[in-house]
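# Coordinates in review
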Amino acid sequence: MSAVLATAAAPAAQPRMATAVALLGTGVVGGAFLKLLNTPAAGSVQLVAAANSRRQETDPARLAARNLREQLRDSGEARNDATLLAALDASGATTKVVVDATASAALATHHAEWLAHGYHVVTANKALAGGELAGWRALQAALAHGAVYGDTATVGAGLPVLSTLRRLRRCGDALLTLEGVFSGSLSYLFNGYDGSRPFSALLREARELGYTEPDPRADLSGDDVARKLLILARNAGFALGTDEVQVEGLVPEALRALATDAFLARLEELDAPLAARHAEAASRGCVLRFLARLNQRGHARVGLVEVPLTHPAARLYGTDNQFALTTTRYHTQPLVIQGPGAGPEVTAQALLGDVLALG
Ligand SMILES: NC(=O)c1ccc[n+]([C@@H]2O[C@H](COP(=O)([O-])OP(=O)(O)OC[C@H]3O[C@@H](n4cnc5c(N)ncnc54)[C@H](OP(=O)(O)O)[C@@H]3O)[C@@H](O)[C@H]2O)c1
């Protein structure tokens with residue numbers, strides 16, 4: 001039989017099986033991800049389950065509804081991870097993905113277990129990779145089973161930072177130092193703070209624009225920046241514990257334990273200390289920036305520093321993030337990655353990109 005005839009007799013290729021997704025979190029980022037799933041870019045990716053903190057849905061007809069997020073607010077089954085994983089299994093898809101668009105530390109503790117059972121995990125949730133070192137180690141051990149951890153959205157809202165860092169390492173390059181502005185809200189605040197208005201006025205405006213969390217202490221504490229620094233440092237080979245990042249937050253002790261409304265009513269207490277720091281910096285021709293820094297010895301620090309006007313971080317706009325990587329091969333000038341480091345659409349796109357990369 002000729003080769004041509006043999007080819008003609010072969011069965012027609014089967015259409016590729018869909019990638020099945022279970023989405024955890026239907027808030028700002030999860031909602032934007034659902035919108036993307038309804039675009040041609042999603043290709044054969046199929047939603048087989050979706051959940052918020054209280055309810056979940058696995059019924060295909062209800063999952064297809066445009067008002068799924070609203071539906072989940074007061075209808076659907078009670079939350080149960082096992083049912084969500086069963087929906088992934090029942091899909092028959094070759095690629096089964098849990099997408100975590102929550103900030104839940106409790107959920108993140110399951111990432112390693114899901115990976116070990118063969119589910120890929122794509123996440124905007126930083127709580128595992130940026131949490132306790134034991135969790136990071138459990139994650140590395142689980143990855144040995146072959147499933148993939150899509151973490152692009154955890155740093156820089158999807159800017160190509162982690163992928164670049166890992167690629168450099170694969171090529172034998174090594175991170176020497178890392179410095180930058182890792183928070184969109186803190187970037188906006190200090191790019192705009194020139195001493196002409198009280199810091200509290202700028203903060204109220206940023207909150208109204210949705211650039212800060214509803215309780216801005218989540219941004220001002222520096223904890224979120226510290227988690228991103230930990231994720232980057234660990235991916236660069238520095239196995240740092242949470243207690244090894246020195247965090248100088250912006251929330252005075254007296255305002256830390258207050259209820260959100262009480263804190264918001266006392267924002268003016270932030271003004272005098274920051275005005276003094278701004279004036280000192282200005283007298284030396286410098287500006288204030290909330291920087292994350294990792295040095296060659298693995299010393300990690302997050303806090304407000306003054307930088308000269310020639311510093312790359314002095315030339316940021318809006319909610320820009322900036323990551324300056326000095327490596328053994330990028331040592332004369334750092335490799336700088338910069339761009340919008342917040343926002344539901346770019347973050348959801350980072351999640352979809354990681355899902356599509358699995359197909
Ligand atoms: N917003 C951004 O620009 C941005 C950028 C980069 C990364 N991120 C990260 O993305 C994640 C989500 O942020 P977001 O702004 O979308 O937050 P969000 O609007 O507060 O939404 C969080 C969602 O998670 C759900 N959730 C909480 N615990 C859950 C659980 N155990 N099971 C299932 N769902 C649960 C919440 O349910 P309920 O509705 O029932 O409370 C809510 O739907 C966070 O980790 C954040 O740091 C956000």
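Located above this text is the structure these notes cover.
Residues numbered from 1 in each chain as written. Predicted model: local features only at pLDDT ≥ 70, side-chain atom pairs only at ≥ 80, totals over all residues. Heavy atoms only, no water.

Let us now look at the sheet that holds strand E4 (residues 77-78). The strand order E4-E3-E2-E1-E5-E6-E7 describes an open sheet built from seven strands, whose pairing is mixed. The sheet terminates laterally at E4 and strand E7 (149-150), the two strands that pair on one side only. Pairing geometry for strand E6 (residues 120-123) and E7, over two bridges, is parallel. Of the residues in E7, the one forming a bridge with Val122 is Gly150. (Pairing = 2+ DSSP bridges. Helix = DSSP H or I, 4+ residues; strand = E, 2+ residues; numbered from the N terminus.)

Moving on: the packing of aromatic side chains. The final tally for this structure, using the stated rule, is five aromatic pairs. Considering the side-chain rings of Tyr193 and Phe199, the 5.4 Å spacing of their centres and the 85° angle between planes classify their relative orientation as edge-to-face. For the pair Tyr193 and Phe199, a shared accessibility class is recorded, and that class is buried. (Phe/Tyr/Trp six-rings, centres within 6.5 Å; stacked < 30°, edge-to-face > 60°. Buried < 20%, exposed > 50% of the residue type's maximum accessible area, 1.4 Å probe, protein only.)

A separate point is the environment of Glu268. The topology assignment puts Glu268 in the loop between helix H15 (260-265) and helix H16 (271-283). Taking the relative accessible area as the measure of exposure, Glu268 reaches 40% and is therefore partly exposed. Distance in space between the C-alpha atoms of Glu268 and Arg301 is 27 Å, their sequence separation being 33 residues. Beyond its immediate chain neighbours, meaning those up to four positions away, Glu268 contacts Ser200 and Arg204. A distance of 2.8 Å separates polar atoms of two side chains, one belonging to Glu268 and the other to Arg204. (Contact = heavy atoms within 4.5 Å. Polar contact = N/O pair within 3.5 Å; in protein donor to acceptor, adjacent residues only side chain to side chain.)

All right, on to the side chain of Ser187 then. Residue position: Ser187 is located in helix H10 (residues 184-192). For Ser187, the side chain forms a polar contact with the main-chain oxygen of Asp320, separated by 2.6 Å. In this view, Ser187 contacts Val181, Leu316, Gly318, Thr319 and Asp320; residues no more than four positions away in its chain are not counted.

Where helix H9 (residues 162-170) contacts helix H13 (residues 223-235), the axes come no closer than 9 Å and their chain directions differ by 20°. Here H9 lies roughly parallel to H13, going by the angle between them. As H9 runs across H13, the sense of the crossing is right-handed. For the pair H9 and H13, contact is made by Leu162, Leu165, Arg166 and Arg169 and by Ile231, Leu232 and Asn235, respectively. Classifying every residue of the contact of H9 with H13 by side-chain character gives four nonpolar, one polar and two charged. (Axes fitted to C-alpha atoms, helices over the stretch in contact; angles between N-to-C directions. Parallel < 35°, antiparallel > 145°, perpendicular 65-115°, else oblique. Left-handed = near helix turned anticlockwise from the far one by under 90°. Nonpolar A, V, L, I, M, F, W, Y, C, P; charged D, E, K, R; others polar.)

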